[in-house]
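Results of the structural survey
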Amino acid sequence: MFEQHSSVNCSANRNNIDALVSDVATAPVSALLAESKDFLVQRSGASLEWNPTTGTPSYIEGKLSKSMPGTPSQVSQVFLAGSLAVLGLSPENDEEFSEIDSFDWGGLEFTRLQQTNQGLPLLGAEVVVGVDAKNRVRIVTSGLRQQSAAKRSDNPIPLEQAKQIASKDLGQDLELRSEITHKTVFYPTQQQYVEAYHLTIPAVIPMGDWEYFIDVQNGDILDSYNSMKSHSFYFAPRARVYPENPEETPLATVMLRNVKSPYKQLDGEHCKVINEDAPPAKADDNYRFNYFPGNTHFDECQVYYAVEKVYQYFLDLGFRGFTVNNPYGKANNGQLAANVHIGTNYDNAFYRPSTGQIYFGDGSYPGNPHGLQDLAKEVDVVAHEFTHALIDEYRPGIFGSEGSALHEGYADYFACSLTNDSDLGEYVVPSPEKPGVIRNCDNNLRYPEAPSEPHARGRVWAGACWDLRKEVGKEVADFLIFGSILVLGTTSPTFKYAKDMLLLIDRYWCGGEYRETIKRIFEHEREIPV
Ligand SMILES: [Zn+2]
């Protein structure tokens with residue numbers, strides 16, 4: 001999936017050609033029918049298919065010619081010159097075909113030709129001719145329309161005026177990416193071909209390569225559309241990051257997805273990064289955020305990358321985005337704001353419901369040997385805080401120690417599930433001073449023995465969810481667990497209540513297939529009350 005850009009709905013997408021090419025039934029004229037009948041009679045086994053919108057053949061197939069001398073391109077030209085009538089063209093007109101492409105495929109040499117009239121291309125009027133190894137024409141496909149008039153203008157408006165008309169049509173915010181280029185063509189209308197300036201306008205705002213056809217006689221906009229296909233990749237913002245953390249994954253250059261136009265700041269469809277210590281990171285002219293780990297802007301890139309990854313992960317599970325209850329996201333089309341370099345040597349990361357934003361401290365290690373390392377540099381830390389924000393988007397205001405413990409447990413579970421690693425904070429906790437990790441989902445903790453402090457008790461929930469994942473697989477477990485958050489019917493859920501939600505999701509969406517597994521893990525093994 002890639003996002004629908006606003007340019008798709010832009011009024012400059014006229015696509016008037018649609019009406020012309022979808023118009024029904026232009027019956028072939030009788031002369032053309034007679035020509036085609038003769039043509040086929042002389043070539044036994046050949047077949048012809050009519051195109052109802054042009055009234056001409058869409059294809060002719062068979063042994064359409066004898067072996068002819070010359071290159072496939074020359075054979076094609078000779079054949080077309082001798083077959084104008086069957087293609088619906090009149091020999092009296094000043095028609096020509098010029099080669100625009102050739103390729104071989106399936107044993108045939110294909111030549112693609114553009115029909116021209118008085119030296120100008122007739123837009124859309126092309127022919128493809130396939131020639132076999134014996135230099136016989138075997139296939140002709142055509143986009144030609146029945147003979148229609150094409151007249152050059154004797155009093156064209158200046159090109160500059162046409163550029164102004166198109167530019168004005170694109171709006172006052174128009175920002176060009178490079179110069180406007182032009183050709184002169186005949187543009188098809190129902191009655192005739194109209195001489196037109198074909199302008200290509202490469203723009204940053206509105207994003208696109210805008211194709212305009214301006215009537216040279218009167219400056220009318222005959223048609224316009226955006227020819228840019230995958231604009232998300234037209235520019236490719238890139239940055240160095242640690243794909244998971246500095247301890248387990250070396251620096252790599254990654255694509256930063258969904259950065260918004262003009263593609264040079266860490267402001268995207270899903271994430272905006274704020275640096276407490278410095279003005280925002282900026283990409284260079286090649287759309288690279290060129291920062292190494294010691295630079296203040298590196299963490300901005302790292303967190304942007306991580307948030308985008310986590311956001312996509314949850315979108316795949318059906319997340320609606322931070323669009324309703326998250327105060328920042330609601331005001332900013334679902335964006336999650338992430339803050340880096342919070343405080344001074346601050347040893348934590350957090351989500352703040354009042355702002356809807358997530359925050360990452362730099363950690364106090366090694367100045368403080370008991371401190372943590374930079375919390376922004378670990379994807380599972382970002383995923384943990386993101387999950388808090390996600391729960392709050394669906395179920396704001398969860399309170400009570402069990403509710404808080406569930407918050408932590410869900411946050412730990414999803415951080416581990418999406419990195420496919422049951423350890424949390426492997427990098428953040430410096431070794432060798434402390435062994436390895438902040439928490440681990442792969443545990444055997446039981447509910448009655450867990451202290452009531454939310455992170456400690458949350459480990460029971462995360463551990464039970466992780467056991468479920470080991471038994472039913474990541475996809476099913478993620479689905480059940482994500483669903484159980486959405487249906488929480490109280491702001492003070494208990495472990496028992498959340499477990500009941502899991503059973504509900506399983507019952508409704510999976511026919512109860514996992515009921516016994518859930519009950520065994522959560523009730524018998526973890527001893528969460530029945
Ligand atoms: Zn937490």
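**Quick notes on the domain arrangement of the protein chain**
For the protein chain, the assigned domains are domain 1 (27-145), domain 2 (152-231), domain 3 (241-394) and domain 4 (398-530). Relative to domain 4, the C-alpha centre of domain 1 lies at a distance of 68 Å.

**Here's the deal with helix α12 (residues 515-525)**
For α12, every residue scored as buried is listed here: T517, I518, K519, I521, F522 and E523. Check the buried side of α12 and you find it contacts α9 (454-472), α10 (474-486) and α11 (495-510). One or two steps after α12, the chain reaches E527, where phi turns positive at roughly 60 degrees.

**Focus: the pairing of strand β2 (residues 56-61)**
Pairing geometry for strand β1 (residues 47-51) and β2, over 5 bridges, is antiparallel. Paired with L48 across the bridge in β2 is I60. Linkage of β1 to β2, two consecutive antiparallel strands, is achieved through a turn of 4 residues, within which G55 is found at a positive phi near 70 degrees. Where β2 lies against strand β6 (residues 137-142), 3 bridges are found, and the strand directions are antiparallel. Opposite Y59, over in β6, you have T141 as the bridge partner.

**Quick notes on the layout of surface pockets**
There is about 480 Å³ of room inside the largest pocket. Around the largest pocket sit 26 residues that line it, and H384, E385, H388, E408 and H455 are the ones nearest its centre. Of all the secondary-structure elements, those providing two or more residues to the lining of the largest pocket are β18 (349-352), α7 (379-394) and α8 (401-419). Here the lining of the largest pocket gathers at least three residues from each of two domains, domain 3 (241-394) and domain 4 (398-530).

**A look at the packing of α8 against α10**
Between α8 and α10, the least distance of the axes is 11 Å, while the angle of their chain directions is 150 degrees. What the angle tells us is that α8 and α10 run roughly antiparallel. In terms of crossing hand, the pair formed by α8 and α10 is left-handed. Residues Y410, Y413, F414 and S417 of α8 lie in contact with α10, whose contacting residues are K474, A477, D478, I481, F482, S484 and I485. Partitioning the contact of α8 with α10 into residue classes produces 7 nonpolar, 2 polar and 2 charged.

**Things to note about the environment of I505**
Along the chain, I505 falls in helix α11. Owing to a relative accessible area of 2%, I505 belongs among the buried residues under this scheme. Linking I505 and V75, residues 430 residues apart in sequence, is a C-alpha distance of 67 Å. Discounting residues that sit within four places of it in the chain, I505 has contacts with F479, L480, G483, S484, V487 and C510.

**Remarks on the nonpolar core**
By size, the foremost hydrophobic cluster in this structure holds 86 residues, and its most contacted members are F386, W461 and F522. At 11 residues, the largest contribution of residues to this core is made by helix α5 (residues 298-316). Once residues lying within four places of it in the same chain are set aside, the contact partners of F386 are V307, V310, Y311, F314, F319, F322, L336 and I358. With 27 residues, the next largest nonpolar core counts F79, L80, V86 and L113 among its residues.

**Digging into the pattern of salt bridges**
Considering all chains together, one arrives at 26 salt bridges under this definition. A salt bridge links E449 to R446; the shortest N-O distance between them is 1.9 Å. E449 sits in the exposed class, given a relative accessible area of 53%. Among the salt bridges present, the one from E525 reaches R520, with a minimum N-O distance of 3.1 Å. Taken together, the shared-partner salt bridges in this structure form one network comprising K496, K499, D500, K519 and E523.

**Quick word on the coordination of the zinc ion**
Protein ligation of the zinc ion involves H384 (NE2), H388 (NE2) and E408 (OE), the donor distances falling in the range 2.1 Å. Read in sequence order, the donor residues for the zinc ion give the motif H-x3-H-x19-E. With H384 in helix α7 and E408 in helix α8, the pair connects residues that are 24 residues apart, well separated along the chain.

**Quick look at the packing of aromatic side chains**
Taken as a whole and assessed by the stated rule, the structure comprises 28 aromatic pairs. Ring-pair connections join several aromatic residues into one group, and the members of that group are Y311, Y313, F314, F319, F322, F386, Y394, Y413, F414, W466 and F482. Over the ring of F39 we find R43, and its NZ or CZ is 3.7 Å from the ring centre. Positioned over the ring face of F292 is R240, at 3.7 Å from the centre of the ring.

**Quick look at the state of the cysteines**
Going through the model one piece at a time under the given rule, you end up with 0 disulfides. No disulfide involves C441; its nearest neighbouring cysteine sulfur is the one of C416, lying 3.4 Å away. Considering cysteine sulfurs only, C441 is the nearest to C465, which forms no disulfide, with 8.3 Å between them. A relative accessible area of 0% places C465 in the buried class.

Cut-offs used in this document
- Residues numbered from 1 in each chain as written.
- Predicted model: local features only at pLDDT ≥ 70, side-chain atom pairs only at ≥ 80, totals over all residues.
- Heavy atoms only, no water.
- Domains from an automatic or database assignment.
- Buried < 20%, exposed > 50% of the residue type's maximum accessible area, 1.4 Å probe, protein only.
- Helix = DSSP H or I, 4+ residues; strand = E, 2+ residues; numbered from the N terminus.
- Contact = heavy atoms within 4.5 Å.
- Pairing = 2+ DSSP bridges.
- 1 Å grid on protein atoms, 1.4 Å probe; cavity = no way out; pocket = protein on both sides within 12 Å on 5 of 7 lines; lining within 4 Å.
- Points joined across faces, edges and corners; volume = space filled by probe spheres on them.
- Axes fitted to C-alpha atoms, helices over the stretch in contact; angles between N-to-C directions.
- Parallel < 35°, antiparallel > 145°, perpendicular 65-115°, else oblique.
- Left-handed = near helix turned anticlockwise from the far one by under 90°.
- Nonpolar A, V, L, I, M, F, W, Y, C, P; charged D, E, K, R; others polar.
- Core = buried A, V, L, I, M, F, W, Y, C linked by side-chain atoms within 4.5 Å.
- Salt bridge = Lys/Arg side-chain N within 4 Å of Asp/Glu carboxyl O.
- Donors = N, O, S within 2.8 Å, 3.2 Å for Na, K, Ca; no water.
- Phe/Tyr/Trp six-rings, centres within 6.5 Å; stacked < 30°, edge-to-face > 60°.
- Lys NZ or Arg CZ within 6 Å of the ring centre and 35° of its normal.
- Disulfide = S-S within 2.5 Å.

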